[in-house]
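The primary structure of each chain is shown beneath.
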Amino acid sequence: MAPIFPRVLLIGKYRDSGSGPGLARLATLLHSLGAEVFLESQCAPALQHDLRLPLLNLDDPDPDLDLVISLGGDGTLLSSARRLAGSGVAVLGVNQGRLGFLADIPLDTIDETLPAIFRGAYREDRRSMLVAELWRDELRVVSGLALNEVFVHKGCGESMVELRVQLGDRPLYTERADGLIIATPTGSTAYALSAGGPILSPGLPALLLVPICPHTLSARPIAIDDRLELRLSLLAARHPAALSLDSHHSYPMQAGDEVRVRRSPCEARFIHPLDHDFYGILRRKLHWGELPGEERC
């Protein structure tokens, strides 16, 4: 019987030579399950391990894949999902370190988990993404995708930025702050959570706005309908400000620039074991339910 995922691409943590043994273990298991296995070409140079796998570039227009397995943490998984946007290829996250919110399968359980997934015992998880555009003098100078968040901030300067925020053509507020995070439900457990924002259930059709160190103490995080387009105008900045996408790409901004953010038609597609439980992950990672003094696992 042909496997459910006949063509599988392995991706390790970039610039990390320690991924080799784990990738070799995954390749051997996938071959035993009848899959054709490839290695992502951009992660290959850092590996001090001869995997003897054919190379494939994830940025090819048509990668002709059925599944991508990301070995590392949530950062590696996010990078893979962004690069696959629009392709419809599913991503499965195998975690080498601590339990991740997305890369939720520990490497030491993969011998039991992966065969079950290849038998069809899995659940699919689709996550919304954002498209952000930077406009300057009526010209679009940047366009990019984000899975976690879009972040407009003061860059390397010490002074606050002044932002006007609109929901389409309707004004929301004007704020002086170190920055403003626009997060998806996926990103609500990332930088937005560290900045004091709420956790959103992954399927909510919402965007989260979280100010960073606002000058006005009444400024609070707010969740909005993700069908709305957000417009952020940089009114003033003593030093060059910046637009960041998933803390991965950063672009300089100047006074007068406008950032337009909306939900992308692309979605990230993830594969999880049947026992995947988002709220269970929250309990374990955030240690909910523990009494003071209890030992943490």
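As a reminder, the structure under discussion sits directly above these lines.
Here's what I pulled together on the structure shown here.

Basis of the calculations
- Residues numbered from 1 in each chain as written.
- Predicted model: local features only at pLDDT ≥ 70, side-chain atom pairs only at ≥ 80, totals over all residues.
- Heavy atoms only, no water.
- Core = buried A, V, L, I, M, F, W, Y, C linked by side-chain atoms within 4.5 Å.
- Buried < 20%, exposed > 50% of the residue type's maximum accessible area, 1.4 Å probe, protein only.
- Helix = DSSP H or I, 4+ residues; strand = E, 2+ residues; numbered from the N terminus.
- Contact = heavy atoms within 4.5 Å.
- 1 Å grid on protein atoms, 1.4 Å probe; cavity = no way out; pocket = protein on both sides within 12 Å on 5 of 7 lines; lining within 4 Å.
- Points joined across faces, edges and corners; volume = space filled by probe spheres on them.
- Polar contact = N/O pair within 3.5 Å; in protein donor to acceptor, adjacent residues only side chain to side chain.
- Salt bridge = Lys/Arg side-chain N within 4 Å of Asp/Glu carboxyl O.

1. Brief notes about the nonpolar core
At step 1: By size, the foremost hydrophobic cluster in this structure holds 50 residues, and its most contacted members are Leu10 and Ile69.
At step 2: The set of elements that each furnish at least two residues to this core consists of β1 (7–11), α1 (20–32), β2 (36–40), β4 (67–72), α2 (74–83), β5 (90–95), α3 (110–118) and β18 (258–273).
At step 3: The dominant element in this core, judged by the number of residues it contributes, is α1, at six residues.
At step 4: Those residues within four positions of isoleucine 69 in sequence are excluded, and the remaining contacts are Val8, Leu9, Leu10, Ile11, Leu26, Leu30, Leu92, Val94 and Leu114.
At step 5: Residues Leu134, Ala146, Leu209 and Ala241 belong to the second largest nonpolar core, which totals 25 residues.

2. Brief notes about empty space enclosed by the protein
Over the atoms, a rolled probe matching the size of one water molecule traces out where space is still vacant.
At step 1: Taken as a whole and judged by the stated rule, the model has one cavity of 30 Å³ or more.
At step 2: By volume, the largest cavity is sized at about 40 Å³.
At step 3: Lining the largest cavity are Phe101, Leu102, Arg127, Pro185, Thr186, Thr189, Pro202 and Phe278.

3. What about helix α5 (residues 278–286)?
At step 1: Those residues of α5 that fall on the buried side of the exposure criterion are Phe278, Gly280, Ile281 and Leu282.
At step 2: Capping the start of α5, aspartate 277 holds a side-chain oxygen 3.2 Å from the backbone nitrogen of tyrosine 279, two or three residues further along.

4. Description of the pattern of salt bridges
At step 1: Under the definition given, this model contains 20 salt bridges.
At step 2: The salt bridge partner of arginine 83 is aspartate 59, with a shortest N-O separation of 3.0 Å. On the criterion of sequence distance, the pair formed by arginine 83 in helix α2 and aspartate 59 in the loop between β3 (55–56) and β4 is long-range, its members being 24 residues apart.
At step 3: Assessed through its relative accessible area of 45%, aspartate 59 is described here as partly exposed.
At step 4: For arginine 231, the salt bridge identified is with glutamate 229, shortest N-O distance 3.1 Å.
At step 5: Glutamate 229 gets classed as partly exposed once you look at its relative accessible area, which sits at 22%.
At step 6: Overlapping salt bridges, with partners in common, bring together Glu133, Arg140, Glu229, Arg231 and Arg262 in one network.

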